[in-house]
Amino acid sequence: MNHTPGRHDPASDLNLNDFRCWLTQRNRAENTILAYTYAVQQFFSLYQQPDSPSLRQYKCFLLEHYKPRTVNQRIRALNCYMEYINCPEAPVAMLRMQQNTYVENVISQADYEYLKQCLVRDGNYLYYFLIRFMTATGVRVSEVVRLQTSDVEKGRLDLYSKGNKSRRVYIPKTLRQDTLQWMAREDHPPGPLFLNKQGQSVTAPAIRGQLRKFSRIYGLDPAVLHPHSFRHRFAKNFIEACGDIAFLSDLLGHQSIETTRIYLHRSRAEQQVLVNQIVNW
């Protein structure tokens, strides 16, 4: 198919600021809001309105230009926008994708310990504690930047995760004590826990960039040095130590326990190590 939709300037009939506010009120993550607004902008740069013909054409356009995961993200964004404007059209059907039965690109416990040692050696306590918090609590990168000094003092953080689901993040005793000592040494002001050199909250993009830098400096695999890798490490460590998948699902803020079951399976790398250990015939 070589369909090329006509273009127009949607600025006169599309107020994305209101849509952003609507998404924010529903506790959508910052990255999700950016992705959804981009998808809506793209749709209206190609089509006049979300009617049945244009929706079908947009899906075909996506299939021609993007991978299935991106196609589903754009469709999900458009369906969300249609809900926002109370559009009578039926939601666009998403592509059926085979679910992975394991998690890949998870930092190993050995590399996690090595990274912590390097950060302490280099006096980078900001990222030492930031990485510890993600690995010891399972928070997302969009959540770790919201931590306040008062949360450390209380030993917990209450969050609203996806789907307006409330969850409590517990700060383990050892981590809480170490963080309080760090705050005292640094004479940390009340407010956001993780501050950049300008005294403002560290941002998620800055964290991602710093992790890429650490992979080069410390010789770690960049594929496993991303914020979500530490959340995965928390989940795998927790399920191995405790085995309570329902509790883990609550801690991670998953809407369905089926999402959490992926941590019951070994990654390909772990499978290879296990086979190497067992098979000697």
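This one's a predicted model, so the numbers in the text were calculated from it and none came from an experiment.

Novice: Please clarify how the confidence of the model for the protein should be interpreted in this entry.
Specialist: Detailed conclusions should not be drawn from predicted coordinates in areas where pLDDT is low. In this model, the protein carries a mean pLDDT of 85, and residues with pLDDT of at least 70 account for 87%. The low-confidence segment residues 1-13, where pLDDT is below 50, has 21 contacts with residues more than four positions distant or belonging to other chains.

Novice: Would you mind showing me how to read the packing of helix α6 (residues 125-137) against helix α11 (residues 227-241) here?
Specialist: When two helices pack together, you describe them by how their axes are tilted relative to each other and by the distance separating the axes. Running from N to C, α6 and α11 cross one another at 40°; their axes reach a closest spacing of 6 Å. Classified by the interaxial angle, the pair formed by α6 and α11 is oblique. Residues Ile-131, Met-134, Thr-135, Ala-136 and Thr-137 of α6 lie in contact with α11, whose contacting residues are Pro-227, Phe-230, Arg-231, Arg-233 and Phe-234.

Novice: Help me out: how do you make sense of the environment of Asn-31 in this one?
Specialist: Along the polypeptide, Asn-31 turns up in helix α2 (residues 30-46). Relative accessible area serves as the criterion here: at 37%, Asn-31 is assigned to the partly exposed category. Residues Asn-31 and Pro-205, 174 residues apart in the sequence, show an inter-C-alpha distance of 9.8 Å.

Novice: Explanation requested: unusual backbone geometry in the structure shown.
Specialist: Trans is the prevailing form of peptide bonds, just as negative phi is the prevailing case for residues other than glycine. Positive phi is not limited to glycine here, since Asn-27 has a value of about 60°. Of note, Asn-27 is situated in the loop between α1 (16-25) and α2. Overall, the relative accessible area of 30% leaves Asn-27 in the partly exposed class. Residue Asp-187 is not a glycine yet carries a positive backbone phi of 50°. Asp-187 sits in the exposed class, given a relative accessible area of 66%.

Parameters at a glance
Along each chain, the written sequence defines residue order, and numbers are assigned to residues from 1. Reporting in this predicted model follows two pLDDT cut-offs: at least 70 for local features of residues, and 80 or more for side-chain atom pairs to be given and counted; totals over whole chains, interfaces and linings ignore these cut-offs and use all residues. Note that the side-chain values use all heavy atoms of the structure and ignore hydrogens as well as water. As a per-residue measure, pLDDT tells how confident the predictor is, with possible values from 0 to 100. Whether two residues touch is decided by their heavy atoms; if any such pair falls within 4.5 Å, the residues are in contact. Every axis in this analysis is a line fitted to C-alpha atoms, fitted for helices over the stretch in contact. Angles between the N-to-C directions lie between 0 and 180 degrees. Each helix is a run of DSSP H or I of at least 4 residues and each strand a run of E of at least 2, with the numbering of both proceeding from the N terminus. Any angle that is under 35 degrees is reported as roughly parallel, and any over 145 degrees as roughly antiparallel; angles of 65 to 115 degrees are reported as roughly perpendicular and all others as oblique. For every residue, the accessible area (1.4 Å probe, protein chains only) is compared with the maximum for its type, and the residue is labelled buried under 20%, exposed over 50%, or partly exposed between those bounds.

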